[in-house]
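Single-letter residue listing:
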Amino acid sequence: YISNLQFLSMKIKPEKQYVGFATLPNQVHRKSVKKGFDFTLMVAGESGMGKSTLVNSLFLTDLYKDRKLLNAEERINQTVEIIKHTVDIEEKGVKLKLTIVDTPGFGDAVNNNECWKPITDYIDQQFEQYFRDESGLNRKNIQDNRVHCCLYFIPPFGHGLRPVDVEFMKALHEKVNIIPLIAKADCLTPNEIKKLKDRIREEIDKFGIKVYQFPECDSDEDEEFKQLDKELKECTPFAVIGSNTVVEARGQRVRGRLYPWGIVEVENQSHCDFVKLRNMLIRSHMHDLKDVTCDVHYENYRAQCIQEMTSKLAQDNRMESPIPILPLSTPDVDTEKLIKMKDEEVCKDVI
Amino acid sequence: LYILFCGGSTLLGYIGIDTIIEQMRKKTMKTGFEFNIMVVGHSGLGKSTLVNTLFKSQVSRKSAGWARDEKIPKTVEIKSVSHVIEEGGVKMKLTVVDTPGFGDQINNDNCWEPISKYINEQFEKFLKEEVNITRKKRIPDTRVHCCIYFISPTGHTLRQLDMEFMKRLSHSVNIIPVIAKADTMTIEERQEFKQRVRKELEMSGIEFYPQKEFDDDMEDKSDNDKIRETMPFAVVGSDKEYQVNNKRVLGRKTAWGIVEVENPNHCEFAQLRDFLIRSHLQDLKEVTHNIHYETYRAKRLNDNGGLHPISTNGTHDSNL
């Protein structure tokens with residue numbers, strides 16, 4: 001048997017001793033394409049910020065066709081709801097199951113105290129569900145409903161972040177990747193956009209809000225890529241415009257908005273940052289958004305959960321638990337180590 | 001000789017009654033006008049810019065040298081700034097009352113109360129003067145003649161705070177709602193939004209100025225109907241000038257064109273200005289004096305079972 005193997009490997013061995021596992025990425029790719037991808041995107045912000053329009057523009061869909069707008073009287077007792085829309089998109093053989101999580105009612109009331117609670121609860125629930133599934137017996141078909149990214153729409157009318165913006169982002173920045181956007185940017189002049197972006201970046205720093213950070217460029221990337229990456233980072237928060245209508249501009253039919261004084265083209269980079277957002281969200285960082293969700297936000301949740309459970313166990317002295325607790329000499333010490341490790345990871349990834 | 005036939009009788013000679021109009025005009029020009037305008041809306045809707053654009057002067061609080069507020073105040077503040085502006089020999093003392101902090105907090109419950117209180121305080125001041133035994137020749141009028149309410153251009157519907165504010169204050173002050181920063185909406189979106197807003201206001205029984213019940217006659221009604229059907233005016237304000245077709249115009253320059261503030265095809269600023277200043281300024285004052293003030297006065301009298309004139313020797317032991 002052994003001699004047969006030797007014979008085989010000697011036969012296959014070309015001059016360069018090529019083993020062949022360099023094809024692994026292709027194999028992974030093929031399997032992924034077969035399996036398909038999923039992505040859960042949350043949109044949050046007050047009514048009328050153009051969230052639905054932007055989602056339709058990003059994914060070239062019409063998810064909100066039959067939506068009925070409530071009037072002010074009807075909305076008086078409305079609380080913040082969580083509504084999911086799922087759509088299957090296929091492009092060049094690659095399938096994406098896209099879930100949009102909408103948050104109607106956020107920030108619309110007179111008293112918006114804690115209006116983000118239904119949203120943080122929802123995110124936690126998805127984590128909890130995944131945690132249970134992960135610890136369960138049948139793990140073949142785990143559904144990942146965790147929120148991978150939250151687009152937060154900041155009104156362009158203000159002078160920076162409002163109290164509700166700060167509170168919302170602080171309540172969510174350790175649970176989900178937040179990407180703040182300046183909504184309806186077509187009402188701002190280029191100068192005003194720059195001032196607003198500077199102001200918002202300043203305030204994000206000042207209030208210690210941890211928004212999603214683009215990962216650092218690999219040092220072996222070429223200069224052009226690095227330059228583009230730098231420009232992208234300096235452009236945040238992205239000032240976006242969306243449109244459900246097609247207009248004629250410069251001899252082409254494009255998504256845009258027709259005003260008496262001119263035509264705004266959604267995909268024109270000198271008009272707004274829509275293209276940058278789309279490229280970043282879909283074409284380059286979709287995978288990283290999922291990774292950070294899994295490796296950082298979810299792990300934080302999980303570590304917290306475990307700590308709570310083990311401290312509760314120590315109090316209750318019960319042996320029932322969904323997770324098999326290994327015989328730990330001092331459970332608290334080990335859990336603390338785990339948490340410390342995760343904290344360091346978070347600090348490393350989030351700076 | 002100049003013969004006048006008047007109802008059968010004959011007047012010989014020209015009396016000159018018609019010159020009274022000219023006399024009034026001269027007097028009014030000498031004394032000048034007072035006009036008090038309040039602006040309400042949450043931060044960033046362009047209130048100061050609009051007021052400056054309306055009166056073509058730097059009359060807002062922000063221009064009066066007050067430092068641009070870095071922090072949103074925790075409660076609604078009332079800040080008023082007065083300027084005397086002159087045009088064609090007519091002097092106007094314009095007071096702009098700003099309400100920073102309105103609608104900016106997370107919890108905006110009752111944020112309209114400081115505003116309501118301010119309006120009533122001005123009525124009270126006027127009432128006290130009126131009731132004095134020795135009254136001033138001209139009672140200084142600080143009553144709010146007009147309140148411009150800035151609606152956020154969401155394109156959906158009115159926000160709850162908008163409804164609450166207008167519901168509560170439309171009976172003490174003339175409210176003129178405007179859609180702020182209207183360059184964020186296409187013409188179509190604007191029309192739909194306006195229709196929805198008007199419908200919502202109608203369904204809730206909220207009457208903005210010019211109120212239907214105060215139309216004096218058919219001519220008034222017809223003029224005002226036209227205005228009511230166009231309101232709320234979709235406005236854009238600017239203090240910057242640009243060259244368009246060899247003219248200097250006030251506008252906003254974007255990457256896709258220049259929004260001209262006074263171009264009726266772009267926005268309704270010119271209509272608002274004409275309505276507010278050129279045709280209805282005096283009416284706004286009259287409705288404030290004859291209706292809103294009288295309502296306040298009547299309520300005060302009823303509450304106190306009668307009114308006794310008070311002496312002005314410093315002891316304001318009024319039974320008001």
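Residues numbered from 1 in each chain as written. Chains lettered and ligands numbered in written order. Predicted model: local features only at pLDDT ≥ 70, side-chain atom pairs only at ≥ 80, totals over all residues. Heavy atoms only, no water.

Looking at the interface of chain A and chain B
Okay, step 1: Each side of the interface is counted separately: chain A has 44 residues, and chain B has 48 residues.
Okay, step 2: For the chain A and chain B pair, buried surface summed over both sides reaches about 3900 Å², with 54% attributable to carbon and sulfur atoms.
Okay, step 3: On the chain A side of the contact with chain B, Val110(A), Phe157(A) and Trp261(A) bury the most area, a combined 23% of that side's loss.
Okay, step 4: Where chain A touches chain B, the interface holds four salt bridges.
Okay, step 5: In this structure, the salt-bridge partner of Asp108(A) is Arg159(B), at a minimum N-O distance of 3.8 Å.
Okay, step 6: Linking chain A to chain B there are 11 residue pairs in polar contact (both at pLDDT 80 or more).
Okay, step 7: Only α5 (163–172), α6 (190–206), β8 (252–259) and β9 (262–265) of chain A provide two or more residues apiece to the side of chain A that touches chain B.
Okay, step 8: Among the residues forming the side of chain A that touches chain B, the class breakdown is 20 nonpolar, 13 polar and 11 charged. (Contact = heavy atoms within 4.5 Å. Buried area = accessible area lost by both parts, 1.4 Å probe. Salt bridge = Lys/Arg side-chain N within 4 Å of Asp/Glu carboxyl O. Polar contact = N/O pair within 3.5 Å; in protein donor to acceptor, adjacent residues only side chain to side chain. Helix = DSSP H or I, 4+ residues; strand = E, 2+ residues; numbered from the N terminus. Nonpolar A, V, L, I, M, F, W, Y, C, P; charged D, E, K, R; others polar.)

Considering the pairing of strand β2 (residues 83–91) of chain A
Residues and elements named next belong to chain A.
Okay, step 1: Relative to strand β3 (residues 94–102), β2 runs antiparallel, the two being bridged by nine bridges. Paired with histidine 85 across the strands is isoleucine 100, a residue of β3.
Okay, step 2: In this structure, the hairpin formed by β2 and β3 is closed by a connection of two residues, where lysine 92 is found at a positive phi of approximately 50°. (Pairing = 2+ DSSP bridges.)

Some words on the sheet that holds strand β9 (residues 241–244) of chain B
Residue and element names in this part refer to chain B.
Okay, step 1: Spatially, β9-β10-β11 is the arrangement adopted by the three strands of the open sheet, whose pairing is antiparallel. The open sheet has two free edges, formed respectively by β9 and β11 (257–260), since each of these has just one partner strand. Strand-to-strand, the axes of this sheet are offset by a mean angle of 65°, without reference to chain direction.
Okay, step 2: Note: strand β10 (residues 247–254) against β11, four bridges, orientation antiparallel. Residue pairing across strands places lysine 253 opposite isoleucine 258, the latter belonging to β11. (Axes fitted to C-alpha atoms, helices over the stretch in contact; angles between N-to-C directions.)

Notes on the nonpolar core
Okay, step 1: Judged by nonpolar contacts, the single largest core of 159 residues is most densely connected at Leu151(A), Phe168(A), Ile179(A), Phe102(B), Phe165(B) and Ile176(B).
Okay, step 2: When residues no more than four places from it in sequence are discounted, the contact partners of Ile179(A) are Cys149(A), Cys150(A), Leu151(A), Tyr152(A), Tyr212(A), Leu277(A), Met280(A), Leu281(A) and Leu289(A). (Core = buried A, V, L, I, M, F, W, Y, C linked by side-chain atoms within 4.5 Å. Buried < 20%, exposed > 50% of the residue type's maximum accessible area, 1.4 Å probe, protein only.)

What to know about the confidence of the model for chain A
It should be kept in mind that the predicted coordinates are not to be read in detail where pLDDT is low.
Residue and element names in this part refer to chain A.
Okay, step 1: Residues with a pLDDT of 70 or more make up 86% of chain A, whose mean pLDDT is 84.
Okay, step 2: Looking at the elements of chain A, mean pLDDT is at its lowest for helix α1 (residues 2–12), recorded as 49, and at its highest for strand β4 (residues 149–154), recorded as 97.
Okay, step 3: Taken together, the stretch residues 5–11 has pLDDT below 50 and engages in zero contacts with residues farther than four places along the chain or on a different chain.
Okay, step 4: Scored below 50 in pLDDT, residues 327–331 shows one contact in the model against residues more than four places distant or in partner chains. (pLDDT = per-residue confidence, 0-100.)

Observations regarding the pattern of salt bridges
Okay, step 1: Scanning the entire structure with this criterion turns up 45 salt bridges over all chains.
Okay, step 2: Between Lys210(A) and Glu174(A) there is a salt bridge, with its nearest N and O atoms 2.4 Å apart. Note that Lys210(A) is positioned in the loop between α6 and α7 (223–234) and Glu174(A) in the loop between α5 and β5 (178–182), a separation of 36 residues in sequence.
Okay, step 3: Glu174(A) gets classed as partly exposed once you look at its relative accessible area, which sits at 43%.
Okay, step 4: With a closest N to O distance of 3.6 Å, Glu267(A) and Arg278(A) form a salt bridge. Placement of Glu267(A) in the loop between β9 and α8 (274–284) and of Arg278(A) in helix α8 is noted, with a sequence separation of 11 residues between them.
Okay, step 5: On the accessibility criterion, Glu267(A) (42% relative accessible area) is partly exposed.
Okay, step 6: What you see here is one network of salt bridges that share partners, running through Glu46(A), Asp108(A), Arg162(A), Asp165(A) and Arg159(B).

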